[in-house]
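Understanding the architecture of this molecule
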Amino acid sequence: MTNNNYVDTIICTIFVVSAAFLYILNHFLSSSIHSTQNFEEYEWIKDAITNTLGYSTLFFPGYIVYKYIKKINYLNRSGNGYFPKIIRLCFDEDETITPSPNITTPYSVLGETFLLIFYFFGLQISYLSWGILQEKVMTQKYVSSSGEIEFFKDSQFLVFVNRVLAFTISGIILLCRRQPRHKCPLYKYIFCSFSNIMSSWCQYEALKFVSFPHQVLAKAAKVIPVMLMGKIVSKTKYEFYEYVTASILSIGMLFFMLDSGNDRAKSAVTTLSGVFLLCSYIVFDSFTSNWQGALFKKYSMRPVQMMCYVNFFSCIFTAGSLFQQVDCVILSACSASGQLFIYSTLSVFGPLVFAIITTIRQGFSVLLSCIIYNHEVNALGIFGLFLVFFSVLLRIYCNHRLKTVRKLQSENVKLQRI
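Residues numbered from 1 in each chain as written. Predicted model: local features only at pLDDT ≥ 70, side-chain atom pairs only at ≥ 80, totals over all residues. Heavy atoms only, no water.

Another point: the overall build of the protein chain. When helices and strands are counted, the protein chain shows 14 helices and two strands. Here the protein chain has roughly 21,900 Å² of accessible surface; of this, 67% comes from carbon and sulfur atoms. (Helix = DSSP H or I, 4+ residues; strand = E, 2+ residues; numbered from the N terminus. Areas by Shrake-Rupley, 256 points an atom, 1.4 Å probe, with all protein chains shown as cover.)

Counted under the stated rule, the structure contains 17 aromatic pairs. With centroids separated by 5.7 Å and ring planes inclined at 45°, the aromatic side chains of Phe167 and Phe312 adopt a geometry described as tilted. Within this pair, whereas Phe167 is found in helix H6 (residues 155-176), its partner Phe312 is found in helix H12 (residues 303-317), the two being separated by 145 residues in sequence. The exposure class of Phe167 is partly exposed, given its relative accessible area of 28%. Every member of this aromatic cluster is reached through a ring pair, and the members are Tyr55, Phe194, Phe284 and Phe317. (Phe/Tyr/Trp six-rings, centres within 6.5 Å; stacked < 30°, edge-to-face > 60°. Buried < 20%, exposed > 50% of the residue type's maximum accessible area, 1.4 Å probe, protein only.)

Ranked by internal contacts, the top residues of the largest apolar core, which has 79 residues, are Ile69, Tyr74, Tyr189, Val223, Met301, Met306 and Tyr343. The element that contributes the greatest number of residues to this core is helix H13 (residues 326-373), accounting for 14 residues. If near-sequence neighbours (up to four positions away) are discounted, Val223 is found in contact with Ala246, Leu249, Leu352, Ala355, Ile356 and Thr359. (Core = buried A, V, L, I, M, F, W, Y, C linked by side-chain atoms within 4.5 Å. Contact = heavy atoms within 4.5 Å.)

Remark: helix H7 (residues 189-206) packs on H12, axes separated minimally by 9 Å, with the N-to-C direction vectors making an angle of 65°. The interaxial crossing formed by H7 with H12 has right-handed handedness. On H12, the residues touching Tyr189, Ile190, Cys192, Ser193, Asn196 and Ile197 of H7 are Met306, Tyr309, Val310, Phe313, Ser314 and Phe317. A class-by-class count of the residues in the contact of H7 with H12 yields nine nonpolar, three polar and no charged. (Axes fitted to C-alpha atoms, helices over the stretch in contact; angles between N-to-C directions. Left-handed = near helix turned anticlockwise from the far one by under 90°. Nonpolar A, V, L, I, M, F, W, Y, C, P; charged D, E, K, R; others polar.)

The next thing to look at is H12. Here H12 contains 15 residues, and its C-alpha end-to-end distance of 21 Å stays within 8% of the 21 Å for a straight helix at 1.5 Å per residue. Counting buried positions over the 15 residues of H12 gives 12, a clear majority of the element. (Expected span 1.5 Å × (residues − 1).)

Glancing now at the side chain of Gln124. Considering the arrangement of structural elements, one finds Gln124 in helix H5 (residues 109-139). Residues contacting Gln124, with those up to four places away along its chain left out, are Ser129, Ile357, Ile360, Arg361 and Phe364.

As for its placement among the helices and strands, Thr57 is situated in helix H2 (residues 43-71). Taking relative accessible area as the criterion, Thr57 reaches 14% and is therefore assigned buried. Between the C-alpha atoms of Thr57 and Phe317, which are 260 residues apart in sequence, the distance is 9.1 Å. Filtering out sequence-adjacent residues up to four positions away, Thr57 remains in contact with Ala19, Leu22, Tyr23 and Asn26.

With that settled, consider the confidence of the model for the protein chain. Confidence in the prediction for the protein chain averages 78 pLDDT; 81% of positions are at 70 or higher. In this model residues 320-325 is a low-confidence stretch, pLDDT under 50, and it forms 13 contacts with partners more than four residues away in sequence or in other chains. (pLDDT = per-residue confidence, 0-100.)

Bringing the pattern of salt bridges into the picture now. According to the stated counting rule, one finds two salt bridges in the structure shown. The closest approach of N and O atoms between Lys208 and Glu205, which form a salt bridge, is 2.8 Å. When its relative accessible area of 26% is taken as the criterion, Lys208 is described as partly exposed. Salt-bridge contacts for Arg406 lead to Glu239; the nearest nitrogen and oxygen are separated by 2.4 Å. In this pair, Arg406 sits in helix H14 (residues 379-417) while Glu239 sits in the loop between helix H9 (223-233) and helix H10 (240-258), placing the two residues 167 residues apart along the sequence. (Salt bridge = Lys/Arg side-chain N within 4 Å of Asp/Glu carboxyl O.)

Turning our attention to unusual backbone geometry. Note on backbone geometry: most residues besides glycine have negative phi, and most peptide bonds are trans. Even without a glycine there, the phi angle at Asn73 is positive, about 55°. Tracing the backbone through its elements, the reader meets Asn73 in the loop between H2 and helix H3 (74-77). Its identity is not glycine, yet Ser300 carries a phi of approximately 50°, on the positive side. Residue placement: Ser300 occurs in the loop between helix H11 (268-299) and H12.

Listed below in C-alpha cells is the structure:
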C-alpha cells in the first residue's frame, strides 16, 4: 500500500469511526430525551435537540477530517485519484484567490427593471402558494380513510422533502446547461445549509403555537436584521436612506399584521414558544441570505450552483425522514421554484433587495391567509400596507436620486481633470 493510499484509508477510518460513535451516542441521548415526561407544549424542544444531534453525526466527523487534512498538509501532497479529488472539491481553498468579477451580464436600466419585476413576481407566485400550503399542512385537519382527524406534526419531514426536490431540480439544470468553473470549496455551503434548515424548521414549528399572520408579523422586521447581519458577515455598508426606508417598511408591516388576532395562542407558554421559534427563524434566515451573498461576491458562482450545493448538504442533514404525501410534494415544488428566484435575486440585486421583496410577499401571504382561512384585517392593517408600499417607492426614488447625483459628481470630476 502506497503512502497516499495509507493516508486515504486513515481519513476514511476517522470519518466512519467518529460517525458511528456519534450515532450510538446520539441514539442513547435521543432515547433519554423522549423518555422524559411528555409536555406537548415543550415537544418542539425535544425535536430540536434530536434533530441537532442527528446533524452532528455528519458535521463533527467532517470537521475532524478537515482538521486532520490541514494538519498533514494533505491537499498539497495527495495524488490524482478519485478520493483526493473529492477531498479537494470539499476542502481545497486557494489562499491567493481574489474576488471574482461579477459574472452577470450588464443590463440597461429598462432591462434591469424588467428583470427585477420578473424576479419579484416569480418570488411572489412561488412563495405565496408555498405560504398557503404551509399553513394548510401545519394547521389544518387531515381526515384519514377511517375517519380519524389528525394534524401534521413532523416539521423535519417537510424540510427534507423541500430540499430533496430543490436539489433534484437544480441538479437537472446543472446537467442540462453548461456552467462556469466552480471555485468555492463545498464545505463553505455547510454553514448556510444548516442555518437554512434551522430557519425552515423553526418556521414550521412556530405555526403550532402562533397563527400564520402572526408568524409573518415576526418576519416583517426581517429587513433590519438582514442589514445588521450584513454588516457582521460581509461588512456591507448601507446608505442612511436604506435604514430609514427599512424602518418605515417594518413599521408598516407591523401595523398591518397587528390588525389580525392570534387565534392559536392559548397561553403564555405557547406564546413564549412561538416567540422564541420566530426569533430563531429571523436570526438563522438573516445569516443564510448574507452568507450566500458573501459567497456570491467572492466566488461568483451561478445561482443554480448555489442552490444545488446548499440543498445537497440539506438533503444529507435531513435524510432521516422518508415519508411522502401530496400536500408536502406540492409545497416542496413551490419552495423549489421559489429558491430559483431567491438565488437569482441575491446574485443580481443583493440580500437587502431580496429582503424587501420577501417582506412585501409576506404582506400578500397574510392577505391570502385572511381570505382563505378567515383571519380578520381592519383599518390599521390597510394603513400598514400603505406605509409598506410608500417605503418601497421612497427607496426606489432615493436610490435613483443618489445614482444621478453620483453620476453628475463623477462627470464634474472628469471635466475638472480635462
